[in-house]
Amino acid sequence: MSSSVPSSLLPPSPAPSTPRPGGAQRRYKLETEIVYTESPDQYRSSSVPIYQTATFKQASGSEMGEYDYTRSGNPTRTQLERHLAKIMNATRVLAVASGMSAMDVIARLLRPGDEVIAGDDLYGGTNRLLKYLSTNGGITVHHVDTTNVSAVTEKLTEKTAMVLLESPTNPLIKICDIPTITRLVKDVAPGAIVAVDNTMLSPIAQNPLDFGVDIVYESATKFLSGHHDLMAGVIAVNDENLAEKLFFTVNATGCGLAPFDCWLLLRGVKTLAIRFEKAQNNAQVVAEFLEGCGFKVRYPGLESHPQYDLHWSMARGAGAVLSFETGSVETSERIVENARLWGISVSFGCVNSLISMPCKMSHASIDPKVRAERALPEDLIRLCVGIEDASDLVDDLKQALFLAGAVKGEPAESS
Ligand SMILES: Cc1ncc(COP(=O)(O)O)c(C=O)c1O
Ligand SMILES: N[C@@H](CCSC[C@H](N)C(=O)O)C(=O)O
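Starting from 1, residues in each chain are numbered consecutively following that chain's sequence as written. In the order they appear in the text, chains get letters beginning with A and ligands get numbers beginning with 1. Given that this is a predicted model, residues contribute local features only at a pLDDT of at least 70 and side-chain atom pairs are listed and counted only at 80 or more, while totals for whole chains, interfaces and linings are drawn from all residues. Side-chain calculation: all heavy atoms of the structure are included, whereas hydrogens and water are not.

A.B. asks: An account of the site of ligand 2 is needed here, citing residue identities and associated values.
C.D. replies: Around ligand 2, a shell composed of Y123, R128, N170, K222, V346, S347, S362 and R382 is seen. In the environment of ligand 2, an oxygen atom lies 2.7 Å from a nitrogen or oxygen atom belonging to the side chain of R128. Within the backbone of S347, one N or O atom sits 2.6 Å away from an oxygen atom of ligand 2. Each accessible area value is a Shrake-Rupley result obtained with a 1.4 Å probe; residue values ignore everything except the protein chains displayed when judging cover. Protein chains bury 70% of the 390 Å² of accessible surface belonging to ligand 2 in isolation. Tallied by class, the residues present in the shell around ligand 2 amount to two nonpolar, three polar and three charged. Any residue with a heavy atom positioned within 4 Å of a molecule or strand is treated as near that molecule or strand. Definition of a polar contact: a pair of N or O atoms within 3.5 Å, with one able to donate and the other able to accept a hydrogen when the atoms are protein atoms, and with sequence-neighbouring residues admitted only if both atoms are side-chain atoms. The classification used treats Ala, Val, Leu, Ile, Met, Phe, Trp, Tyr, Cys and Pro as nonpolar, Asp, Glu, Lys and Arg as charged, and all other residues, Gly among them, as polar.

Here it is, written out as structure tokens:
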């Protein structure tokens, strides 16, 4: 990289941290790196300053500074991107306006005639964008069961330009073998990009870049920020050419994350480890409770999960999102409506616990016929577990299940 390239455009270094100026560099454990941010601020401010500005003045008409215009680069965004690069084991991270914006930037690598292989269970918004591209962009999209490696490889051809994976999937919590699929894609279609949506786990629990995938992206609206107070997306890569292509689109389309949202995300990410651990512990308690009630529960923390061993070979945690079926849409609706502590809301990764019916909410944009073909149960309830007291969460579910007629017995403490 030439030294004439402004540092706003340089790949953020995943270099070790230097907690004391001039002191020895050291790579700390992830939980430590997450809270430690390096800042070149002239006043050594503890919190990274918000550069709430659209433009930057230049020294003269011919001498251009590091930054000129916030669409192209902003110091607060640079700090965020460098921090995320460190915790995502990436050489370059791009912070954009939302998770779908991240997906859009990645999708602009595709050309008419290209083929994409994606899951048959995936976030509804991703499905919608892929559908749009197949209808209007000359892209062929194959939706396959990614838990079956052969189902993916059978669709690989010289036209395959991208393989798009979620693991766990949203909302059926299916797990795919990311390292094996990546290796096979690289063997058969070396030019194809493997992109993984890591939103369900975040870098604290899984890092697909370590398995050799080309791109990891996340909706930072979820765990990374953690409070449902901003929309953001992040794209992480280790290939500088790829990074430049993606950055071109970010700059050309103007989807870079705004300075205040960068600051909020930087603030939120510092508590990721502690939030995630608590939410995940709660999710385990809730999953075991529901399984104990006799429901079919989908959660990789349960040994009954069909890809339990595979999941734990890739991930350091089970996450805080689980889903279960009740056998009846009406029963599920009653459960959702009787929950009090669990907010009826889309999204996940928030400190508050949420309950939803994917087919009516987050995945409503998928045609009902397609949902049926892909065996997405209409009665599915998705729980996005937060950091409240676990017994309060279980008590609230107990009373909702009882009032909905989904379980027999006495309602729990539900005054
Ligand atoms: C797995 C997954 N990926 C991507 C997205 C898109 O993120 P955003 O809502 O930030 O655009 C979502 C949710 O919206 C999601 O659940
Ligand atoms: N109306 C929104 C729904 C957003 S769903 C958000 C999140 N990914 C989830 O899974 O809950 C839309 O149409 O995109």
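A.B. asks: Can you explain helix α13 (residues 390-403)? Please cite residues and give values.
C.D. replies: With 14 residues, α13 should cover 20 Å at 1.5 Å per step; its first-to-last C-alpha distance of 20 Å lies within 8% of that length. Between buried and exposed lies partly exposed: a residue is buried under 20% and exposed over 50% of the maximum accessible area for its type, with that area taken using a 1.4 Å probe on protein chains only. Secondary structure elements are defined from DSSP: runs of H or I of at least 4 residues count as helices, runs of E of at least 2 residues count as strands, and each element is numbered from the N terminus. For α13, the full list of buried residues reads A390, L393, V394, D395, D396, L397, Q399, A400 and L401. Between two residues, a contact is recorded if the distance between any of their heavy atoms is within 4.5 Å. Packed against the buried residues of α13 are α9 (272-292), α11 (329-338) and β12 (381-384). What a helix is expected to span follows from its residue count: subtract one and scale by 1.5 Å.

A.B. asks: Explain the sheet that holds strand β7 (residues 233-237) residue by residue, including any values.
C.D. replies: Across the sheet, which stays open at both edges, the seven strands sit in the order β1-β7-β6-β5-β4-β2-β3 with mixed pairing between neighbours. Edge positions in the sheet fall to β1 (92-96) and β3 (140-144), since each of these pairs with one other strand and no more. Within this sheet the neighbouring strands show an average axis-to-axis angle of 20 degrees, counted without direction. Note: two strands are recorded as paired if DSSP finds a minimum of 2 bridges between them. Relative to β7, strand β6 (residues 215-219) runs antiparallel, the two being bridged by five bridges. Bridging from a neighbouring strand, Y217 pairs with I235 of β7. Orientation is described by lines fitted to C-alpha atoms, with helices fitted over the stretch in contact, and by angles between N-to-C directions that extend from 0 to 180 degrees.

A.B. asks: I'd like to hear about the pattern of salt bridges, residue by residue, with values.
C.D. replies: Counted as salt bridges are all cases of a side-chain nitrogen of Lys or Arg within 4 Å of a carboxyl oxygen of Asp or Glu. Counted according to the given criterion, the structure contains eleven salt bridges. Across the pair R108 and D104 runs a salt bridge whose closest N-O atoms are separated by 3.2 Å. E378 is the partner of R371 in a salt bridge, and the nearest nitrogen-oxygen pair spans 3.0 Å. The exposure class assigned to R371 is buried, which follows from its relative accessible area of 7%. Taken together, the salt bridges that share partners define one network made up of R92, E240 and E244.

A.B. asks: So what's going on with the site of ligand 1? Which residues, and what values?
C.D. replies: Taken together, 13 residues lie around ligand 1, and M100, D197, S219, T221 and K222 are the ones closest in. For ligand 1, an oxygen atom lies 3.3 Å from a polar atom in the side chain of Y123. A total of 380 Å² of accessible area belongs to ligand 1 in isolation, and the protein chains cover 92% of it.

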